[in-house]
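Architecture and fold: a report
These are the residues of each chain, in order.
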Amino acid sequence: MPLAASLERAVTDSAELLLAAGAVLALAYGLTRARIGVFQWPLLGASVLALGMGAVLGGWAWHEKQPRTVVGSPTEEFSNTLRKQPKKTKPSEKPSVELTQVQWPTYGYDTQRTHLAPGWRNLRPPYHGLWKLKAHADIEFPPSVAYRKVYVAQQKGRFYAINARTGKIVWTKHFPNCSAASPTIADGIVYQAYMHELPCRKHAARAEGFVIAWNAKNGRELWRVRAGSVESSPLLVGKMLYFGSWDRHLYAYRIRGERRPLLQWTFSADDQIVAAPASAGNLVIVATSSGSVYGVDRKTGRERWHATSFSRFGSREYFYATPTVAYGRVFIGNSDGTVYAFGAGSGHLLWARQVGTYVYTAAAVWRNTVFVGTWDGNFVALDARTGNVRWRYDAPSSITGAPTVLAGIVYFSTCGRCGAGGLRRVKIGPRGTWGLNARNGDPVWHFPDGKYSALVADGRRVYISGRNKVYALIPQLRWEQLRRLHAAEKCAQLKRARARARCLSKAKQGTSSGTHGSKKAGRTSKRKNQ
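Summary of the structure given here. Keep in mind the model is a prediction, meaning the values are calculated, not measured. (Residues numbered from 1 in each chain as written. Predicted model: local features only at pLDDT ≥ 70, side-chain atom pairs only at ≥ 80, totals over all residues. Heavy atoms only, no water.)

A few words on the state of the cysteines. For the coordinates displayed, the defined rule picks out two disulfides. In this model C178 forms its disulfide with C200; the gap between the sulfur atoms is 2.0 Å. Judged by the torsion about the S-S bond (-120°), the C178/C200 disulfide is left-handed. With a gap of 22 residues between them, C178 in the loop between strand 6 (169-174) and strand 7 (184-186) and C200 in the loop between strand 8 (189-194) and strand 9 (208-215) connect regions that are remote in the sequence. With a sulfur-sulfur separation of 1.7 Å, C415 is cross-linked through a disulfide to C418. One exposure class covers both C415 and C418, and it is buried. (Disulfide = S-S within 2.5 Å. Helix = DSSP H or I, 4+ residues; strand = E, 2+ residues; numbered from the N terminus. Buried < 20%, exposed > 50% of the residue type's maximum accessible area, 1.4 Å probe, protein only.)

In structure tokens form, the structure reads like this:
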């Protein structure tokens with residue numbers, strides 16, 4: 001538990017205890033002062049002292065708990081460019097939705113960790129289920145999608161490469177190590193981070209881990225590099241691979257294809273680096289467990305700027321969330337319940353907004369809006385310019401994983417009992433995956449499984465990470481089209497014309513499905529067709 005949080009509880013409890021003791025002593029003084037003679041004065045003094053100390057500690061606790069909102073300027077270090085635009089596809093090239101390409105290469109989709117999908121407007125609910133895979137352990141971070149496969153790591157060391165169309169396992173790996181990171185994929189290679197050996201312990205001292213590279217097609221190991229326990233999803237920018245570690249270092253390796261990479265530099269931070277790094281032009285942005293955010297030169301590893309979260313009770317709480325770089329700014333949530341916006345080039349605090357009790361989710365961005373969730377069940381949309389709240393949705397339980405924005409809908413998962421026993425308020429309730437209208441927060445869709453991550457996609461299908469399962473879904477309209485097409489193919493094989501006609505007539509009727517915002521939206525089709 002962070003020092004600030006534990007001290008907060010200690011100060012609050014001490015203030016309440018002293019005030020209660022002072023009230024009891026004052027009552028005893030009023031009832032017995034005529035009978036205890038000279039002892040009435042020590043009793044009165046103890047009562048006044050207890051009440052005074054309780055008031056002082058209570059006032060300090062009240063002051064430290066106040067929201068420290070900083071309203072930002074809509075123009076200072078603000079760019080209208082959300083992220084670098086991908087190169088336009090030439091007419092002779094294959095379309096971007098062709099599944100032989102890398103579709104969702106890393107955590108957060110891109111190197112800036114925007115959690116914003118490309119313009120796949122055809123992927124909208126309601127959906128129909130295609131397949132599901134049991135991973136046999138929690139899936140804390142979302143899969144990556146490339147080369148017609150879905151690559152996913154579960155917490156207890158198993159890694160799966162799954163056929164994106166059928167859900168069958170193409171190849172799998174198993175290590176006696178914990179894993180809490182998404183794979184990064186490029187040029188036919190999968191990069192995956194691993195932590196210390198099982199059982200999984202929280203921030204164990206001197207824990208060791210590694211980053212491994214596999215052939216994306218067959219899973220053949222190419223190389224591995226060791227470090228402290230590695231919980232951050234690798235960042236690949238050009239030929240440079242970056243990742244943070246519990247040993248307080250940010251590592252930079254130069255990739256040489258299938259050959260072992262060369263260590264270029266390491267950067268020493270003030271505490272463990274749990275979150276994944278993000279790219280901001282010539283800088284790598286990385287956050288630590290001591291409430292620090294660094295802008296590190298991507299080529300030399302030198303510190304360019306250093307920013308911090310607010311200090312409460314003489315200490316700072318930690319950044320578990322990955323930074324998101326967009327509009328020339330760095331957006332990141334802290335476990336103190338505040339979302340911070342720093343200048344990507346300078347590190348200056350531009351705005352801060354307390355949105356709940358704890359913020360563990362990385363931010364998603366879309367149309368000058370920043371989306372985050374909290375452990376007390378708030379899902380909030382903030383103005384990227386000023387930090388003002390645009391809308392707020394009351395989720396049924398705590399939110400831990402990052403949201404995803406796809407086709408104007410923002411998806412997030414509720415974690416159920418994540419954070420139970422926290423020092424501040426945590427909302428306990430059902431798990432699930434939710435889709436809201438990104439413009440106004442209206443509910444659009446619900447899926448009955450989920451825990452940490454929301455979803456990823458590849459242009460034809462969406463993939464949801466449940467607690468320990470991966471689901472592939474397809475838009476209901478597309479499913480009905482495929483069903484009718486397959487039925488028509490079967491009808492064409494009938495020899496009698498009248499039988500073919502009856503068969504085709506039935507094939508055109510289709511099936512009913514859930515609609516936007518309805519209670520049936522979570523069901524992908526009639527039960528008999530599932």
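Two modes of strand pairing occur in sheets, parallel and antiparallel, and in both the strands are linked by backbone hydrogen bonds. Sheet architecture is open: five strands sit in the order 1-3-4-5-6, paired in antiparallel fashion. Since the sheet does not close on itself, it has two edges, and those belong to strand 1 (102-104) and strand 6, each with one partner. Each strand of the sheet is rotated relative to its neighbour by a mean of 20°, with strand direction disregarded. (Pairing = 2+ DSSP bridges. Axes fitted to C-alpha atoms, helices over the stretch in contact; angles between N-to-C directions.)

In the sheet, strand 21 (residues 338-343) pairs with strand 22 (residues 349-354) via five bridges, with the strands oriented antiparallel. Its bridge partner being in strand 22, F342 is matched across the sheet by L349. Between the end of strand 21 and the start of strand 22, which pair antiparallel, lie five residues, with G347 showing a positive phi angle near 80°.

Tallied over the full model, the rule gives 37 aromatic pairs. Their ring planes at 45° and their centres at 6.4 Å tell us that Y358 and Y360 sit as a pair that is tilted. This pair shows no difference in class: Y358 is buried, exactly as Y360 is. Judged by centre distance (5.9 Å) and plane angle (50°), the ring pair of F371 and W391 falls under tilted. Highlighted residues: F371 in strand 24 (residues 369-373) and W391 in strand 26 (residues 389-394), separated in sequence by 20 residues. Of the residues examined, W391 reaches a relative accessible area of 9% and is grouped as buried. A network of ring pairs unites the aromatic residues Y151, F159, W171, F175, Y194, F210 and W214 as a single cluster. Sitting above the plane of the F210 ring, R224 keeps its charged end 4.7 Å from the centroid. Here R424 stacks its cationic end above the ring of Y358, 4.3 Å away from the centre of that ring. (Phe/Tyr/Trp six-rings, centres within 6.5 Å; stacked < 30°, edge-to-face > 60°. Lys NZ or Arg CZ within 6 Å of the ring centre and 35° of its normal.)

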